[in-house]
Amino acid sequence: MDKDFTSERYKKAILSYLKNDYTFENMDQHSSEIKNIALVHDVDHDISLCDTLLSIEREMKVTATYFLRLHAINYNMLSRKSLAMVEKIIDAGCNIALHYEPSFCPTGLEYLDHIEMEMDVLSTVINKKVKYFNLHEPSRTGVNLSQVNPVSNRCYNSSHFEDYKYLSDSSCNWREGCFSKHVNKWNKLLVLTHPIWWYKDCPSENY
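Please read these numbers as outputs of a predicted model, since none were measured by experiment. (Residues numbered from 1 in each chain as written. Predicted model: local features only at pLDDT ≥ 70, side-chain atom pairs only at ≥ 80, totals over all residues. Heavy atoms only, no water.)

### Points about the pairing of strand S3 (residues 65-68)
The side chains of a regular strand alternate between both faces of the sheet.
Phase 1: Burial of the side chains of S3 extends over both faces: Thr65 and Phe67 are buried on one face and Tyr66 and Leu68 on the other.
Phase 2: In this view, the connection linking strand S2 (residues 36-43) to its parallel neighbour S3 by way of helix H2 (residues 50-60) has right-handed handedness.
Phase 3: Bridging between S3 and strand S4 (residues 95-100) involves four bridges; their strand directions are parallel. By the bridge assignment for S4, Tyr66 is matched with Ile96. (Buried < 20%, exposed > 50% of the residue type's maximum accessible area, 1.4 Å probe, protein only. Helix = DSSP H or I, 4+ residues; strand = E, 2+ residues; numbered from the N terminus. Right-handed = clockwise from strand over helix to strand, strands pointing away. Pairing = 2+ DSSP bridges.)

### Things to note about the packing of aromatic side chains
For any pair of aromatic rings, geometry is given as the distance between the ring centres together with the angle between the planes.
Phase 1: For the structure shown, the criterion picks out 10 aromatic pairs.
Phase 2: Ring geometry for Tyr17 versus Phe179: centroids 5.8 Å apart, planes at 10°, classification stacked. Here Tyr17, found in helix H1 (residues 7-19), pairs with Phe179, found in the loop between strand S6 (165-168) and strand S7 (188-193); they are 162 residues apart in sequence, far enough to count as distant.
Phase 3: For Phe179, a relative accessible area of 0% puts it in the buried group.
Phase 4: Relative to Tyr166, the ring of Tyr156 has its centre 4.8 Å away and its plane inclined at 20°; by these criteria the two rings are stacked. Here Tyr166 lies in strand S6 and Tyr156 lies in the loop between helix H5 (138-141) and S6, a separation of 10 residues in the sequence.
Phase 5: When its relative accessible area of 27% is taken as the criterion, Tyr166 is described as partly exposed.
Phase 6: Among the aromatic residues, those joined into a cluster by ring pairs are Phe5, Tyr10, Tyr17, Tyr22, Trp174, Phe179 and Trp198. (Phe/Tyr/Trp six-rings, centres within 6.5 Å; stacked < 30°, edge-to-face > 60°.)

### Notes on the state of the cysteines
Phase 1: All chains considered together, the criterion is met by zero disulfides.
Phase 2: Free of any disulfide, Cys105 has its nearest cysteine sulfur in Cys155, 14 Å distant.
Phase 3: Residue classification places Cys105 among the buried residues on the basis of a relative accessible area of 15%. (Disulfide = S-S within 2.5 Å.)

### Here we look at the pattern of salt bridges
Opposite charge on two side chains permits pairing when their charged atoms draw close.
Phase 1: Inspection of every chain in the model, using the stated rule, returns eight salt bridges.
Phase 2: Residue Lys11 pairs with Glu59 through a salt bridge whose shortest N-O separation is 2.9 Å. Residue Lys11 is located in helix H1, and its partner Glu59 is located in helix H2; the two are separated by 48 residues in the primary sequence.
Phase 3: On the basis of relative accessibility, which here comes to 47%, the residue Glu59 falls in the partly exposed class.
Phase 4: Glu176 is the salt-bridge partner of Lys165, the closest N and O atoms lying 2.8 Å from each other. Taken together, the residues span a long stretch of sequence, with Lys165 in strand S6 and Glu176 in the loop between S6 and S7 at a distance of 11 residues.
Phase 5: Take Glu176: its relative accessible area is 45%, and that puts it in the partly exposed class. (Salt bridge = Lys/Arg side-chain N within 4 Å of Asp/Glu carboxyl O.)

So yeah, pure geometry; function would need other evidence.
See below:
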């Protein structure tokens, strides 16, 4: 089992994709290049941990998208700490999107309407239009939003990513090996990482 989640491993993986002519695309549209990678981060626990990956993306000048929760216990999107991190993410040329939590959808309200409401809330909080969402813990909730709001939907199983190879470090486990091992195996990749797993020196620095 691959357990190397060091920031150095992450940096070397990014560099390898760049050297092999991959384009790091944003969420707005697919890259016109033959080889491209969509790099996304689900910020589940601690927004300050984004800094480990963000510093590398800034240095390497690549685009990633950070999906942020509105209902996290360990970070508050109205706090100065969270807003300062959002500013750093945006200044680095990366994107902000909603990490949607369906368990907070009020009874009688459709997911479509609730998602749009929550994207509006996050937009207001960060003072920047939030246009996209993905789903928090789809395997545990059993919720499938693949067909909901295709224009804004950036779930791994959405139509936007139907031609992409999906790789994720969910539960600190690369089921098909770290994304660093997939260079040139696929022309289009969606790579999902969670900042909680990535560290500079040892895993305990994060929790």
